[in-house]
Number of protein chains: 2
Amino acid sequence: MDLFLTGSSGLPIYRQLFDQLCAQILDGRLKSGDALPPIRAVAKELSISVIPVKRAWEELEAAGFIESFVGRGCFIAPMSAEKLQRLKASMAADKLSDAAAYCRSLGLSLAEAERLLSDAWASPGE
Amino acid sequence: MDLFLTGSSGLPIYRQLFDQLCAQILDGRLKSGDALPPIRAVAKELSISVIPVKRAWEELEAAGFIESFVGRGCFIAPMSAEKLQRLKASMAADKLSDAAAYCRSLGLSLAEAERLLSDAWASPGE
DNA sequence: GATATTGTGCATATTCAATGTACACAATAA
DNA sequence: TTATTGTGTACATTGAATATGCACAATATC
């Protein structure tokens, strides 16, 4: 369970954690039934309080990604491979649709946007 | 000058206004020398206080997009067509790079991402 | 010069993220 | 059965960011 925080992103801690867990579930690193680390352990590891961790877990539960049980822990919720696939595609589509709308509003052509996308794909770092 | 606010975006008011103005300048709807409406007028139109409007204008000024003069108003700053073009490309690249990173983190291939992008391009509405 | 219009600054209220601490429930060991 | 440990949960508080209202200063208009 590798989690990290970047102060530079501007996003609140609970949001960063949510995003990372979400990604790990969607890409298969975390599977149905897997136990999440206790929120205290995560908090200690990241040198933060339990609250943002708790909140991230809460939102993951509300989104149906995990289930939590008092005294036992939190676990990745069961989800069919098909649903997982559909969710993944839909979330990626949302993000790209957003970017597409933005590029269109700037007057770019689809070809230009595709060019920029593949450029970004090649050099993820910068 | 059409401006609007969406409570659903989660973004602060001043940020929404900044983004919209920015887009209108970049796509040419607003040109060098054009006068912006007085911040009070915008505030009244949107039924908000002047502060978020002021702040949006401030950040636009800091970014070099507009110039403000006490008693006279605010105006789109002069900017060469080349610079405008470069800025546009760079902002589009940022947005796409972000989306690209997200899609990669989900384990998508470039081809899949490109497919989703062109789909989104075709049907902007949904 | 008088007045209206414009951007600016300051004190205040509100919202939200994060902290610390105390509580409630479940599993295990004695 | 009881005590202990490990787990998620709830509450009161702090601090920062956002938004409000009103007063101020500079410019334009008459």
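Please read all numbers here as calculations on a predicted model, not as lab measurements. (Residues numbered from 1 in each chain as written. Chains lettered and ligands numbered in written order. Predicted model: local features only at pLDDT ≥ 70, side-chain atom pairs only at ≥ 80, totals over all residues. Heavy atoms only, no water.)

*Asks:* I'd love a proper account of the overall build of chain A, names of residues and values included.
*Replies:* Secondary structure summary: chain A contains five helices and two strands in total. The secondary structure elements of chain A, listed N-terminal to C-terminal, are α-α-α-β-β-α-α. Taking the principal axes of the C-alpha coordinates as reference, chain A spans close to 55 × 35 × 25 Å. Classification of the 126 residues of chain A by burial places 33% in the buried group. Taking the intrachain contacts of chain A between residues at least 6 apart in sequence as the baseline, contacts between residues at least 24 apart amount to 48%. (Helix = DSSP H or I, 4+ residues; strand = E, 2+ residues; numbered from the N terminus. Buried < 20%, exposed > 50% of the residue type's maximum accessible area, 1.4 Å probe, protein only. Contact = heavy atoms within 4.5 Å.)

*Asks:* With reference to specific residues and values, describe helix α2 (residues 39-46) of chain B.
*Replies:* All names here are of chain B. Considered for burial, the residues of α2 that qualify are Val42, Ala43 and Leu46. In a view along the axis of α2, the buried residues occupy a sector of 100°, so they form one face of it. Exposed residues on α2 whose side chains face more than 90 degrees from its buried face are Arg40, Lys44 and Glu45. Those residues of α2 that are buried are in contact with α1 (13-26) and α3 (50-62). One or two steps after α2, the chain reaches Ser47, where phi turns positive at roughly 55°. (Arc of directions from axis to C-beta.)

*Asks:* Would you mind going over the pairing of strand β1 (residues 66-69) of chain A in detail, with residue names and values included?
*Replies:* By the bridge criterion, four bridges tie β1 of chain A to strand β2 (residues 73-76) of chain A in an arrangement that is antiparallel. Bridge assignment links Ser68 of chain A to a residue of β2 of chain A, and that residue is Cys74 of chain A. (Pairing = 2+ DSSP bridges.)

*Asks:* A description of unusual backbone geometry should follow, citing residues and the corresponding values.
*Replies:* Residue and element names in this part refer to chain A. One non-glycine residue, Ser47, adopts positive backbone phi at about 60°. In this structure, Ser47 sits in the loop between α2 (39-46) and α3 (50-62). The class for Ser47 is exposed, based on a relative accessible area of 66%.

*Asks:* Quick one: what's the story with the nonpolar core, residue by residue and with numbers?
*Replies:* Trp57 and Ile66 of chain A together with Trp57 and Ile66 of chain B are the most contacted members of the largest nonpolar core, which totals 69 residues. No other element matches the seven residues that helix α1 (residues 13-26) of chain A contributes to this core. Apart from the residues lying within four places of it in its own chain, the contact partners of Trp57 of chain B are Leu21, Leu36, Pro37, Ile39, Val42, Ile66 and Cys74 of chain B. (Core = buried A, V, L, I, M, F, W, Y, C linked by side-chain atoms within 4.5 Å.)

*Asks:* Run through the side chain of Gln16 of chain B, naming residues and quoting values.
*Replies:* Residue and element names in this part refer to chain B. Residue placement: Gln16 occurs in helix α1. At 3.4 Å, the side chain of Gln16 forms a polar contact with the side chain of Ser9. Once residues within four sequence positions are removed from consideration, Gln16 is found in contact with Phe4, Leu5, Thr6, Ser9 and Leu11. (Polar contact = N/O pair within 3.5 Å; in protein donor to acceptor, adjacent residues only side chain to side chain.)

*Asks:* Can you tell me about the side chain of Gln24 of chain B, naming the residues and giving the values?
*Replies:* Here Gln24 of chain B shows up in helix α1. Those residues in contact with Gln24 of chain B that sit more than four places away from it in its chain are Met1, Asp2, Leu3, Arg29 and Leu30 of chain B.

*Asks:* Could you give an account of the protein's contact with DNA strand D, with specific residues and numbers?
*Replies:* With respect to spatial proximity, 21 residues lie near DNA strand D, and among them Arg40 of chain A together with Ile13, Ser49, Ile51 and Arg55 of chain B are the closest. Atoms of DNA strand D within 4 Å of the protein belong to the sugar or the phosphate in 64% of instances, the rest to bases. Contacts to DNA strand D include Gly71 of chain A, whose backbone N or O atom sits 3.3 Å from a base oxygen. At a separation of 2.7 Å, a phosphate oxygen of DNA strand D approaches a polar backbone atom of Ile13 of chain B. At the level of secondary structure, the elements contributing two or more residues to the surface near DNA strand D comprise α2, β1 and β2 of chain A together with α1 and α3 of chain B. At three residues, the largest contribution of residues to the surface near DNA strand D is made by α3 of chain B. Looking at side-chain class alone, the surface near DNA strand D contains twelve nonpolar, five polar and four charged residues. (Near = heavy atom within 4 Å. Nonpolar A, V, L, I, M, F, W, Y, C, P; charged D, E, K, R; others polar.)

*Asks:* Describe the pattern of salt bridges, listing the residues and the values that go with them.
*Replies:* Evaluation of the coordinates by the stated rule reveals twelve salt bridges over all chains. Notably, a salt bridge pairs Asp98 of chain B with Lys95 of chain A, separated by 3.6 Å at the nearest N-O pair. Of this pair, Asp98 of chain B sits in helix α4 (residues 81-105) while Lys95 of chain A is found in helix α4 (residues 81-105), placing the two residues in two different chains. Classification of Asp98 of chain B by relative accessible area gives partly exposed; the value is 46%. Of the residues examined, Lys95 of chain A reaches a relative accessible area of 31% and is grouped as partly exposed. (Salt bridge = Lys/Arg side-chain N within 4 Å of Asp/Glu carboxyl O.)

*Asks:* Help me get a handle on the layout of surface pockets, residues and values and all.
*Replies:* All names here are of chain B. Estimated volume of the second largest pocket: approximately 340 Å³. In terms of lining residues, the second largest pocket is bounded by 17 residues, among which Ile39, Ser68, Phe69, Gly73 and Cys74 are the most central. Only α2, α3, β1 (66-69) and β2 (73-76) provide two or more residues apiece to the lining of the second largest pocket. Per element, the largest residue contribution to the lining of the second largest pocket is four residues, and it comes from α3. Within the lining of the second largest pocket, the residues separate by chemical class into nine nonpolar, three polar and five charged. (1 Å grid on protein atoms, 1.4 Å probe; cavity = no way out; pocket = protein on both sides within 12 Å on 5 of 7 lines; lining within 4 Å. Points joined across faces, edges and corners; volume = space filled by probe spheres on them.)

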